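Architecture and fold: a report
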Amino acid sequence: MTAPEAPRSRIGLVASMAELIETSQAETPRVVDAVRQAALTDRFLTPALGALTDFFRELRAELDAVLRAEAPTFAAKPYPLGQCLRITEAVRTGLETMRADGLSASAAEGHAALRRFLEAGGAMQRAWGDLRGQYFQNALVVGALYVDVSNDTVVADKPPVEILPFAEAGFRPIGDYLHFTKIAERYWGYRFAPNHLVPELAPYLPLIQISPAGRVSLGPSYGYMLGLTLAGEFRPSEQVLAAAPIAPAFHAALAAALVDGPMPVAAGPDEGRAAALGWCRTYRAEGRTHCAATYNRARLAGQAANHRLARLKVLPVAGARPAVA
């Protein structure tokens with residue numbers, strides 16, 4: 001599932017489930033240690049807000065030439081459209097090596113303010129989530145500020161940098177799979193159905209995803225969403241899997257591509273729904289949230305299933321959108 005403004009990465013095989021959950025959920029949009037970070041923000045950053053904006057703009061301008069040359073297009077769109085994650089990560093990395101030499105006086109002031117903030121214990125993290133109910137967005141949370149250093153990756157003529165108080169930015173966590181599908185349908189043009197197809201994979205990959213081009217996959221396989229369902233002991237997956245059974249013709253078309261595949265395919269949508277819900281409850285009862293072997297087996301089987309499903313191309317199908325359970 002390749003799309004703009006995705007979370008950090010797809011997660012492969014792991015040795016520690018606790019580490020996977022902790023790492024993926026570190027991307028949650030929030031201000032950590034809010035009272036202390038607000039005080040540090042007020043002390044170091046708020047008085048230099050204009051200068052801080054100038055600094056990030058000049059850093060973006062310096063990085064743009066390299067980033068554009070490396071990837072002039074993404075999904076057939078010219079740079080910077082769709083390259084939110086890449087730009088945000090480049091800026092965060094660039095902060096570690098950025099020198100004040102060559103900066104304008106205002107940008108140098110912003111750079112110094114940010115350095116003093118971080119040295120005093122200020123926090124900076126990259127986060128991914130729902131921006132104003134319209135988009136998936138990668139941005140930096142710097143103290144109590146929302147710092148979007150890729151503000152022009154959806155609408156290219158927007159200013160490249162936007163800095164707001166975090167509380168006013170409308171940047172919030174993806175709460176569950178229904179929230180995820182709502183934004184992905186609107187923003188990416190994807191369609192979704194509950195995974196009543198391969199029940200044993202459904203606790204980890206609870207959705208059937210259909211791209212605008214009609215490509216099918218099981219997912220989502222992003223670290224943030226996997227961390228979400230694991231932290232919730234498979235309840236987030238169970239919620240979306242409790243939707244009405246998928247259409248029989250849709251089930252049959254996909255099942256035909258997975259005959260003799262890595263895991264059993266449900267005989268039909270009703271059976272698939274019941275079995276998928278059952279696996280969520282079984283894994284929870286058995287404590288499989290913390291079992292790396294079960295997770296790794298599911299990830300490998302999911303990759304093999306998606307390899308087979310990639311050969312298909314489907315048209316809009318009745319019942320392809322999950323409903324609230």
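A brief look at the structure comes next.

As for the nonpolar core
- Judged by nonpolar contacts, the single largest core of 56 residues is most densely connected at Phe-136, Phe-180, Tyr-204 and Ile-208.
- With near-sequence residues (within four places) excluded, Ile-208 lies in contact with Arg-191, Phe-192, Ala-193, Pro-194, Asn-195, Leu-197, Val-216, Ser-217, Leu-218, Ile-246, Phe-250 and Leu-254.
- Residues Leu-59, Tyr-79, Phe-117 and Ile-163 belong to the second largest nonpolar core, which totals 26 residues.

Points about the pattern of salt bridges
- Across all of its chains, the model carries 13 salt bridges by this definition.
- Between Asp-152 and Arg-60 there is a salt bridge whose closest N-O contact spans 3.0 Å. One end of the pair, Asp-152, is in the loop between β5 (145-148) and β6 (162-165); the other, Arg-60, is in helix α3 (residues 49-70), with 92 residues separating them in the sequence. Of the two residues, Asp-152 and Arg-60, neither departs from the other in class, the shared state being buried.
- Here Glu-286 makes a salt bridge to Arg-288, at a shortest N to O gap of 3.0 Å.
- Glu-286 gets classed as partly exposed once you look at its relative accessible area, which sits at 47%.
- For Arg-288, a relative accessible area of 27% gives the class partly exposed.

Re the sheet that holds β5
- The strand order β6-β5-β4-β3-β7 describes an open sheet built from five strands, whose pairing is antiparallel. For this open sheet the edge positions go to β6 and β7 (171-172), each flanked by a neighbour on one side alone.
- Of the pairings in the sheet, the one linking β5 to β6 comprises four bridges and is antiparallel in character. Residue Val-147 lies in a different strand from β6, and its bridge partner there is Ile-163.
- Strands β4 (135-142), β5 and β6 of the sheet are contacted by α3, whose axis makes an angle of about 145° with β6.
- In the packing of helix α4 (residues 84-97) onto the sheet, the strands contacted are β3 (124-131) and β4, and the crossing angle to β4 comes to about 10°.

Concerning the packing of aromatic side chains
- For the coordinates displayed, the defined rule picks out 18 aromatic pairs.
- Each ring, one from Phe-180 and one from Phe-192, has its centre 5.9 Å from the other, and the planes form 70°; the classification is edge-to-face. Here Phe-180 is found in helix α6 (residues 177-187), whereas its partner Phe-192 is found in strand β8 (residues 191-194), with twelve residues between them in sequence. We note that Phe-180, like Phe-192, is buried.
- Measuring from ring centre to ring centre gives 6.2 Å for Tyr-190 and Phe-192, while their planes differ by 25°; the resulting arrangement is stacked.
- Taking relative accessible area as the criterion, Phe-192 reaches 0% and is therefore assigned buried.
- Cluster of aromatic residues (ring-pair linked, three or more members): Trp-128, Phe-136, Phe-180, Trp-188, Tyr-190, Phe-192, Tyr-222 and Tyr-224.

Rules behind the numbers
Each chain has its residues counted from 1, running along the sequence as written. Side-chain atom pairs in this predicted model are given and counted only at pLDDT of 80 or more, local residue features only at pLDDT of at least 70, and totals for whole chains, interfaces and linings cover all residues. As a rule here, side-chain values come from all non-hydrogen atoms in the structure, and water together with hydrogens is ignored. For our purposes a nonpolar core is just a set of buried Ala, Val, Leu, Ile, Met, Phe, Trp, Tyr and Cys residues, chained together by side-chain atoms within 4.5 Å. Relative accessible area decides the class of each residue, using a 1.4 Å probe on protein chains only: under 20% of the type maximum gives buried, over 50% gives exposed, and in between gives partly exposed. Any two residues having at least one pair of non-hydrogen atoms within 4.5 Å are treated as being in contact. By definition here, a salt bridge exists when the distance from a side-chain nitrogen of Lys or Arg to a carboxyl oxygen of Asp or Glu is within 4 Å. Elements are defined by DSSP. Helices are runs of H or I of four residues or more, strands are runs of E of two residues or more, and each kind is numbered from the N terminus. Two strands pair under a simple rule: DSSP has to find at least two bridges between them. Angles here are taken between N-to-C directions and fall from 0 to 180 degrees, while the axes themselves are lines fitted to C-alpha atoms, restricted in helices to the stretch in contact. Planes of paired rings set the category: under 30 degrees apart is stacked, over 60 is edge-to-face and the rest tilted, where pairs are Phe, Tyr or Trp rings (Trp by its six-membered ring) whose centres lie within 6.5 Å.

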